[in-house]
Amino acid sequence: MLAQGLATAYLSLIVLLPLAALVWHAAGGGVDDFRAAVTDPQAVSALRLTLVASVAVALINAVMGTIVAWILVRDRFPGQSIVNALVDLPFALPTIVAGLTLLTLYGPTSPVNVDVAFSRTAVLLALLFVTLPFVIRTVQPVLLELDREMEEAAASLGAGSFQIFRRIILPNLFPAILSGVALAFARAIGEFGALVLITGNLPFETEVASVYIFGRIESGDPRSAAAVSVVLLLITFLALLLIGALRRRVTRHDAVA
Amino acid sequence: MTRLRRYALRFIGLGYLGVLLAAPVGLVFQRAFQDGFGAAWDAVTTPAAKHALVVTLIIAAIAVPANTIFGIVCAIAIVRHRFPGKNVVNVIVDLPLALSPIVVGLAFLLLFGTEGWLADLPFDVVFALPGMVLATIFVSLPFVVREVVPVLREIGTEQEQAAATLGAGGWQIFRRVTFPAIRWAVAYGVVLTTARALGEFGAISVVSGRLIGKTESLTLHVEERYQSFDYVGAYAASVLLAMLAIATLVAMTVFRPKEETR
Amino acid sequence: MAIEAHSVTKRFGEFVAVDDVSISVPTGSLTALLGPSGSGKSTLLRVVSGLEQPDAGRVVIEGSDVTGLPPQRRGIGFVFQHYAAFKHMTVRKNVAFGLEIRRRPRAEIKTRVDELLELVQLTGLAKRYPAQLSGGQRQRMALARALAVEPTVLLLDEPFGALDARVRKELRAWLRRLHEEVHVTTIFVTHDQEEAMEIADQIVLMNQGRVEQVGGARDLYEQPANEFVMSFIGPVSHFGEELVRPHDIDVRREPNGSAERATVERVVHLGFEVRADLALEDGREVWVQMTRDEAKALDLRQGAQVFVAKS
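Residues numbered from 1 in each chain as written. Chains lettered and ligands numbered in written order. Predicted model: local features only at pLDDT ≥ 70, side-chain atom pairs only at ≥ 80, totals over all residues.

1. Topic: the sheet that holds strand E8 (residues 185-190) of chain C
Residues and elements named next belong to chain C.
Next, step 1: Ordered by their spatial adjacency, 6 strands build an open sheet running E6-E7-E8-E3-E9-E10, and the pairing between neighbours is mixed. Edge strands, defined here as strands with exactly one partner in the open sheet, are strand E6 (76-79) and strand E10 (210-215). Strand after strand, the sheet turns through a mean of 15° between neighbouring axes, direction not considered.
Next, step 2: Contacts from helix H4 (residues 135-148) reach E6 and strand E7 (153-157), with the element oriented near 170° to E6. (Pairing = 2+ DSSP bridges. Helix = DSSP H or I, 4+ residues; strand = E, 2+ residues; numbered from the N terminus. Axes fitted to C-alpha atoms, helices over the stretch in contact; angles between N-to-C directions. Contact = placed C-beta atoms within 7 Å.)

See below:
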């Protein structure tokens, strides 16, 4: 009653109202203005780069995240708990600082002579940094809870290590990997701070959607910015819906009759 | 799992983390102090830097308690009460996690800016502190809710019902039964919220106008110093933020809900 | 001998779970490893299966020393207390798993799975997932799965422990019938002596990592090797310094030679069986067991004076 009312009011003021304003302004100039804004070549290029990079990063995370989760759960080595805590660093570190640290090590002043600044590799690098924890943290608890007896049963039935991983462990991890991928994707699509310094924000080259939108705002054209923002939102929701549907399909075996 | 396989996995996993995380962060610490501790200290105690720190702390001091209270109230509403549109509330709460901070900043700019619906308030919202606070509240909204909801679900209503039969009223039940059960989840959520609030960059970048000495947060200060070629200044401020991040990591490890630990 | 364990020892840190144990299991028999919690019976089973490696000793299956082999290569079937069902696979896929690993032709797999599902009475549930089955059905599926690869020996680790009492009794009898039909050498672990006595050809009674006695149900009951065996396998009553079966105590109304005098404190009628608590002259207590008819003939009631002796 009171609780619900307060919660709803707070949410409406902080979340819904600004978003409504965004959509309203995006549509404010009519369909033509909207279309012009989102089909601007620079905008399209930025959106495409964002999409491709986010998908690539999501896939890399699916593999590397599972590997890291594996060594944190199934292996034992000195310093393991520190490594486990470090995985959360991208959560805790401001994105601008993250970008700066990557630029320092892998940019023009690199002490190991690796310079990927102002390239698309930099985009990937920065996005991999900020999305690091997601798959790891969704897979870890599932790996912990995994019924070891299923693996023992498979062994007693003749399955070797790789077969056990492929037929027993992986299918049971897959839903968790998908959840992590969804989170990583949504994060990557909207990332700004980590990219600002290291990519150079070169239009048609290394400019991602969020940077393009920022550019439109700085140029005093918030309407175009809003239009492209709406497209970005739509892409995100579509992707999340798809991944969610896939996840439900893959866990139908959990439904009790 | 053969030994070779185990070492290979360990090498790949730890190598990935080292290249991506440890090495870059370590280097920034080194660069910040490479001209000596004194230079770094001076860089971080300039009036602009100090002001930026104060701005950041004020924003966090408002956003975190607000989201904590909201988070607890909202979690209780979601778990314990039935009301139309509950699913929608769930989705809305998770929204800030999926939105680009730039889009968030833009939304507030459009709402409170010159042509916005709430443009004519008696005080400045955009290009001023209130706007930055609102944007920060937006982006750090979900954490307490998301941590408390599963715990509330798990503990169930029996203890609260028992308290009611023993004569306890609503607030007493909350204070003596509900809150003690959720306090670690709340603590963890507060840690995440604080980290997010301190580290916000994109949304604040849009909403604040980045007026040095007035509406610059510590994160904006890092960028400004870098763009001004004051690298020591940028690294020093980064180290400050990184130390706050490490403190956050420690707090996260301490308060982490048990299902995720070994 | 289908299975032999020679001087097997297994430690977990300081704790010795299995202490220099040697057993033999005849081919085609149904043997129970019986004992209280912590007796080492599950550990011994897991050593035989290869899921644990012993610190000392050997395991021999059908004449071959398998001690160094992993479970994949021992030709065993294993059934777990909590089913270990592959929850992401249908019943059919679960049962077919071992055959698919061995790359049998698809048609052969289908036929064999259908046969097995019929054997365990799960035909018609082939497309369900384990989450949609009852506990008893899941365990039957697990048995079918283990039998699919035609193991030399079948090992069951407290197979009915997670089921409720009625289902447990049904499945216990069902397992015995299955064994008669399929004749695979079987070892099962249980802490329930009634279960062991009801269906096993041979019982290996273990306690604290050691074997206390091996034999048929009757041997263990009537000729227990020591006090532990006696009190684990059946009811016991303390009569003086001795441990005696409560129905082996002779109760009469008249004095009889060295019989002691006692007063009836409490009589409990449990249908066919009657139990009574008696107090001896020196204050010690002994409980006795007799049939309803015997109790009636004695007019056994509270306060009555009787004479008791070991019969």
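2. Quick word on unusual backbone geometry
Next, step 1: Even without glycine at this site, C:Arg103 takes up a positive phi of about 55°.
Next, step 2: Inspection of the secondary structure puts C:Arg103 in the loop between helix H2 (91-101) and helix H3 (106-119).

3. Regarding the interface of chain C and chain A
Next, step 1: Listed as interface residues are 23 residues of chain C and, on the opposing side, 21 residues of chain A.
Next, step 2: Class assignment of the residues belonging to the side of chain C that touches chain A gives a composition of 13 nonpolar, 7 polar and 3 charged. (Nonpolar A, V, L, I, M, F, W, Y, C, P; charged D, E, K, R; others polar.)

4. A word on the interface of chain B and chain A
Next, step 1: With 67 residues of chain B in contact, the opposing surface of chain A contributes 65 residues.
Next, step 2: Sorting elements by how many residues they give to the side of chain B that touches chain A places helix H1 (residues 3-32) of chain B first, with 16 residues.
Next, step 3: Among the residues forming the side of chain B that touches chain A, the class breakdown is 51 nonpolar, 10 polar and 6 charged.

5. Brief notes about the nonpolar core
Next, step 1: Residues A:Ala126 and B:Leu106 are the most contacted members of the largest nonpolar core, which totals 165 residues.
Next, step 2: Taken domain by domain, this core gets at least three of its residues from each of domain 1 (1-32) and domain 2 (36-260) of chain B.
Next, step 3: Aside from chain neighbours lying at most four places away, what touches B:Leu106 is A:Leu22, A:Ile213, A:Ile217, A:Pro222, A:Ala225, A:Ala226, A:Ser229 and B:Val206.
Next, step 4: Among the nonpolar cores identified, the runner-up in size contains 80 residues, and C:Ile3, C:Val59, C:Met141 and C:Phe160 belong to it. (Core = buried A, V, L, I, M, F, W, Y, C linked by C-beta atoms within 7 Å. Buried ≥ 20, exposed ≤ 12 C-beta atoms within 10 Å, placed from the backbone. Domains from an automatic or database assignment.)

6. Here's the deal with the packing of helix H11 (residues 218-227) of chain B against helix H12 (residues 231-255) of chain B
Residues and elements named next belong to chain B.
Next, step 1: Between H11 and H12, the shortest axis-to-axis distance is 7 Å and the interhelical angle comes to 155°. Relative to H12, the element H11 lies roughly antiparallel. When the axes of H11 and H12 are compared, the crossing they make is left-handed. Contact residues: Leu-218, Thr-219, His-221, Val-222, Arg-225 and Tyr-226 in H11; Tyr-231, Gly-233, Ala-234, Ala-237, Ser-238, Leu-240 and Leu-241 in H12.
Next, step 2: When the residues that make up the contact of H11 with H12 are grouped by side-chain class, the tally is 8 nonpolar, 4 polar and 1 charged. (Parallel < 35°, antiparallel > 145°, perpendicular 65-115°, else oblique. Left-handed = near helix turned anticlockwise from the far one by under 90°.)

7. Notes on the environment of C:Glu254
All names here are of chain C.
Next, step 1: Mapped onto the secondary structure, Glu-254 falls in the loop between strand E13 (249-252) and strand E14 (260-270).
Next, step 2: Residue class for Glu-254 comes out exposed when judged on the 7 C-beta atoms lying within 10 Å of it.
Next, step 3: For the pair Glu-254 and Lys-110, spaced 144 residues apart in sequence, the C-alpha to C-alpha distance is 73 Å.

8. Details of helix H8 (residues 158-165) of chain B
Next, step 1: Across the 8 residues that make up H8(B), only a small minority, 0, are buried.
Next, step 2: Where H8(B) ends, the next residue or the one after it, B:Gly167, has phi of about 105°, a positive value.

9. Thoughts on the sheet that holds strand E5 (residues 64-65) of chain C
All names here are of chain C.
Next, step 1: Pairing is antiparallel in the open sheet, where 4 strands are placed in the order E2-E1-E4-E5. This sheet does not close on itself; its edge strands, each paired only once, are strand E2 (15-25) and E5.
Next, step 2: As judged from the 7 bridges shared by strand E1 (residues 3-12) and E2, these two strands associate in the antiparallel manner. Note that in E2 the partner of Arg-11 across the bridge is Val-16.
Next, step 3: Against the sheet, helix H1 (residues 41-49) touches E1, E2 and strand E4 (56-61), its axis set at about 115° to E1.

10. Overview of helix H6 (residues 95-106) of chain A
Residues and elements named next belong to chain A.
Next, step 1: An ideal rise of 1.5 Å per residue puts 16 Å on 12 residues; H6 measures up with 16 Å between its terminal C-alpha atoms.
Next, step 2: The element H6 is extensively covered by neighbouring structure, given that 12 of its 12 residues are classed as buried.
Next, step 3: Here H6 has its buried residues at Thr-95, Ile-96, Val-97, Ala-98, Gly-99, Leu-100, Thr-101, Leu-102, Leu-103, Thr-104, Leu-105 and Tyr-106. (Expected span 1.5 Å × (residues − 1).)

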